[in-house]
Structures are given as structure tokens and as C-alpha cells.
Amino acid sequence: MHLDDRVLLPSMNARVAMAAFEAAEAEAMAVVDGPGRKPIGLVTEAHLLRRYGEEMEKRRREESGIASA
């Protein structure tokens, strides 16, 4: 793995970001803008998993017609 592979880009989806976390064996990764590689944020693996779970639950509720609380 190259150092360049140890960052996330805003355009990455959750699947690609999770693969990057696994490859880097990291709990947190910097988010950089594409061309300039300027740091614009930090994402933890736990936050990514939590938000992914929340979005999946939201979609499940929408598909089943359950109103959100």
C-alpha cells in the first residue's frame, strides 16, 4: 500500500471507503480534496459504519412504508 492510498476522497462511496480502511488497517483516515491533496476532514471507521447503518435503516423504513420517528 502506498501513502497515497491511505486517504479518502469526498467522491468515495461507503464500500470503497470501507475497503480503504481495511487495506490501511486504520481506525481513522483523512479526507483530502482530489487535486491538491489538501486535508478537508477526518472520518473514523466507527462513524462510517454507524452512518451506513442509519441510511440502510432509513431506506428499509421507506420501502416498508414505516414512518420515521
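Scroll up to find the structure.
Residues numbered from 1 in each chain as written. Predicted model: local features only at pLDDT ≥ 70, side-chain atom pairs only at ≥ 80, totals over all residues. Heavy atoms only, no water.

Caption draft 1: Up close: the overall build of the chain. Along its length, the chain carries two helices and three strands. In sequence order, the chain lays out its α and β elements as β-α-β-β-α. Looking at the 69 residues of the chain, the share that counts as buried comes to 16%. Considering only intrachain contacts with a sequence separation of at least 6, the fraction spanning at least 24 residues in the chain is 27%. Here the chain has roughly 5,400 Å² of accessible surface; of this, 54% comes from carbon and sulfur atoms. (Helix = DSSP H or I, 4+ residues; strand = E, 2+ residues; numbered from the N terminus. Buried < 20%, exposed > 50% of the residue type's maximum accessible area, 1.4 Å probe, protein only. Contact = heavy atoms within 4.5 Å. Areas by Shrake-Rupley, 256 points an atom, 1.4 Å probe, with all protein chains shown as cover.)

Caption draft 2: Quick look at the packing of helix H1 (residues 14-24) against helix H2 (residues 45-64). Between H1 and H2, whose axes approach to 11 Å, the crossing angle comes to 155°. Taken together, the axes of H1 and H2 lie roughly antiparallel to each other. Between H1 and H2 the crossing geometry is left-handed. In this structure, H1 uses Ala 14, Ala 17, Met 18 and Phe 21 to contact H2, whose residues at the interface are Glu 45, Leu 48, Leu 49 and Tyr 52. Here the residues of the contact of H1 with H2 are counted per class, giving seven nonpolar, no polar and one charged. (Axes fitted to C-alpha atoms, helices over the stretch in contact; angles between N-to-C directions. Parallel < 35°, antiparallel > 145°, perpendicular 65-115°, else oblique. Left-handed = near helix turned anticlockwise from the far one by under 90°. Nonpolar A, V, L, I, M, F, W, Y, C, P; charged D, E, K, R; others polar.)

Caption draft 3: Inspection of the pattern of salt bridges at higher detail. This model, assessed by the stated rule, comprises four salt bridges. Ionic pairing is found between Arg 60 and Glu 57, a salt bridge with its closest N-O pair at 2.5 Å. Remark: Glu 57 and Arg 60 occur in helix H2; sequence separation between them is three residues, near one turn of the helix. Using a relative accessible area of 41% as the deciding quantity, one classes Arg 60 as partly exposed. Looking at Glu 57, the relative accessible area reads 28%, which means it is partly exposed. Salt bridges sharing partners connect three or more residues here, namely Arg 51, Glu 54 and Glu 55. (Salt bridge = Lys/Arg side-chain N within 4 Å of Asp/Glu carboxyl O.)

Caption draft 4: Quick peek at the pairing of strand E3 (residues 39-44). With zero of six residues buried, E3 is to be regarded as a mostly surface element. Strand direction decides the pairing type here: strand E2 (residues 28-32) and E3, joined by five bridges, are antiparallel. Paired with Ala 28 across the bridge in E3 is Thr 44. The turn linking E2 back onto E3 is made up of six residues, and Arg 37 within it adopts a positive phi angle of 60°. (Pairing = 2+ DSSP bridges.)

Taken by themselves, the reported measurements are silent on function.
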